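A look at the structure
Single-letter residue listing:
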Amino acid sequence: STHSLHRRQRQMCIRDSGYTVGFWHEGLITSSVMGVVDYNHNAFEVLGATGYGDLGFGVSAESPYQSFEALLDAARENPNEIKAAVNIGLPVHFVPLIVQDKAEVEFRHVQVGGGAKRFPSVVAMHTDFAIFGALEFIKWADADLEPIVMFSEERLEQLPDVPTAKEHGIDVVARANRIWLAPKGTPPEVVEHLTTALRTAMADPAVSGQLSELGMVPAFVEPEAIKAELDWWLETTEPLVADARALQQ
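Residues numbered from 1 in each chain as written. Predicted model: local features only at pLDDT ≥ 70, side-chain atom pairs only at ≥ 80, totals over all residues. Heavy atoms only, no water.

1. Points about a negative patch on the surface
Taken together, E62, D142, D144 and E146 make up a surface patch of like negative charges. Look at D144 and you get partly exposed, because its relative accessible area is 38%. (Patch = residues over 30% accessible without salt bridge, like charges linked within 9 Å, V, L, I, M, F, W, Y side chains within 5 Å. Areas by Shrake-Rupley, 256 points an atom, 1.4 Å probe, with all protein chains shown as cover. Salt bridge = Lys/Arg side-chain N within 4 Å of Asp/Glu carboxyl O. Lys, Arg positive; Asp, Glu negative; His and termini not counted. Charge placed at Lys NZ, Arg CZ, Asp CG, Glu CD. Buried < 20%, exposed > 50% of the residue type's maximum accessible area, 1.4 Å probe, protein only.)

2. As for the nonpolar core
Within the largest apolar cluster, 48 residues are counted, with the highest numbers of intra-cluster contacts made by F57, V99 and F151. Among the elements that take part in this core, helix α4 (residues 91-103) stands out by supplying seven residues, more than any other. (Core = buried A, V, L, I, M, F, W, Y, C linked by side-chain atoms within 4.5 Å. Helix = DSSP H or I, 4+ residues; strand = E, 2+ residues; numbered from the N terminus.)

3. A short note on unusual backbone geometry
Positive phi, close to 60°, is recorded for E104, a residue that is not glycine. Among the secondary structure elements, E104 is positioned in the loop between α4 and β5 (108-111). The class for E104 is exposed, based on a relative accessible area of 71%.

4. Observations concerning the packing of α4 against helix α9 (residues 223-237)
In the contact formed by α4 and α9, the axes pass within 11 Å of each other and the chain directions differ by 65°. Considering only the axes of α4 and α9, their crossing is left-handed. Two secondary-structure elements touch here, α4 through P91, F94, V95 and I98 and α9 through W232, W233, T236 and T237. When its residues are assigned to classes, the contact of α4 with α9 shows six nonpolar, two polar and no charged. (Axes fitted to C-alpha atoms, helices over the stretch in contact; angles between N-to-C directions. Left-handed = near helix turned anticlockwise from the far one by under 90°. Contact = heavy atoms within 4.5 Å. Nonpolar A, V, L, I, M, F, W, Y, C, P; charged D, E, K, R; others polar.)

5. Observations concerning the pairing of strand β3 (residues 44-60)
With 16 of its 17 residues buried, β3 lies for the most part within the structure. The sheet contact formed by β3 and strand β8 (residues 175-183) spans eight bridges and is antiparallel. Within β8, the residue paired with E45 across the bridge is A182. Sheet topology places β3 next to strand β9 (residues 217-221); three bridges connect them, and they run antiparallel. Across the sheet, the residue bridging to T50 is F220, located in β9. The pairing of β3 with strand β6 (residues 129-133) spans four bridges and is classified as antiparallel. Looking across to β6, one finds that L55 is bridged to G133. (Pairing = 2+ DSSP bridges.)

6. A few points about the side chain of D54
Looking at the secondary structure, you find D54 in strand β3. Salt bridges are absent for the buried D54, whose nearest opposite-charge side chain, R175, sits at 5.7 Å.

7. A word on the pattern of salt bridges
Throughout the structure, instances matching the rule amount to six salt bridges. Note that R175 is salt-bridged to E229, the shortest N-O span being 2.6 Å. Taken together, the positions of R175 in strand β8 and E229 in helix α9 put the pair 54 residues apart, joining distant regions of the chain. Of the two residues, R175 and E229, neither departs from the other in class, the shared state being buried. A salt bridge links E222 to R199; the nearest nitrogen and oxygen atoms lie 2.9 Å apart. With a gap of 23 residues between them, E222 in the loop between β9 and α9 and R199 in helix α7 (residues 188-202) connect regions that are remote in the sequence. Residue class for E222 comes out partly exposed when judged on its relative accessible area of 35%. Note on R199: relative accessible area 30%, which makes it partly exposed.

See below:
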């Protein structure tokens, strides 16, 4: 499955002239702000990202909230009653926290787990909505999962009828990057060699085609752009930690 593939990728490392290179995502930041680890992206040399997946909110096809606006209106009218299926402390938890902060609403965050658990929880309406990737919306379209908003800069070609949060005046852009890291202090020439290798691989039509089939945007994201995104995650999530930790009590 896509999830098991990503797990295998995260566990994978390669060696180049004796340097270990790791593969991760924005959980590096949320784990840091939650106190699970005592480091963040600044403890590494960021090599870039080999593609990313766009994220959005999904609801059951039977849900009364068939639009982002309807979901937010319900949350305003019924604070702490609209249930978000989350995996506490991870990006899929922090995105709803960021949205409720920006929209000045209050969701009830329910610990459910990974995407394979959030999907049946939402479709069976045990919870009202959750974060899913674009591929999941496409794959589960016939299984009564409906996307109501995407946190992308623009509407996706694969989901042209689904608005972005920015269209609703909620300035949240969040995605799941596939980020490569090297140990801090890795010589600049090694960092450049590895970054060039990743950039070159992403220019290969076979590689980009495989990533597209997995529902990812097959673009190489340069190191400085990824650092800027991770800085945003750090600055945005740190003020929300108290709310996130309250759910663990």
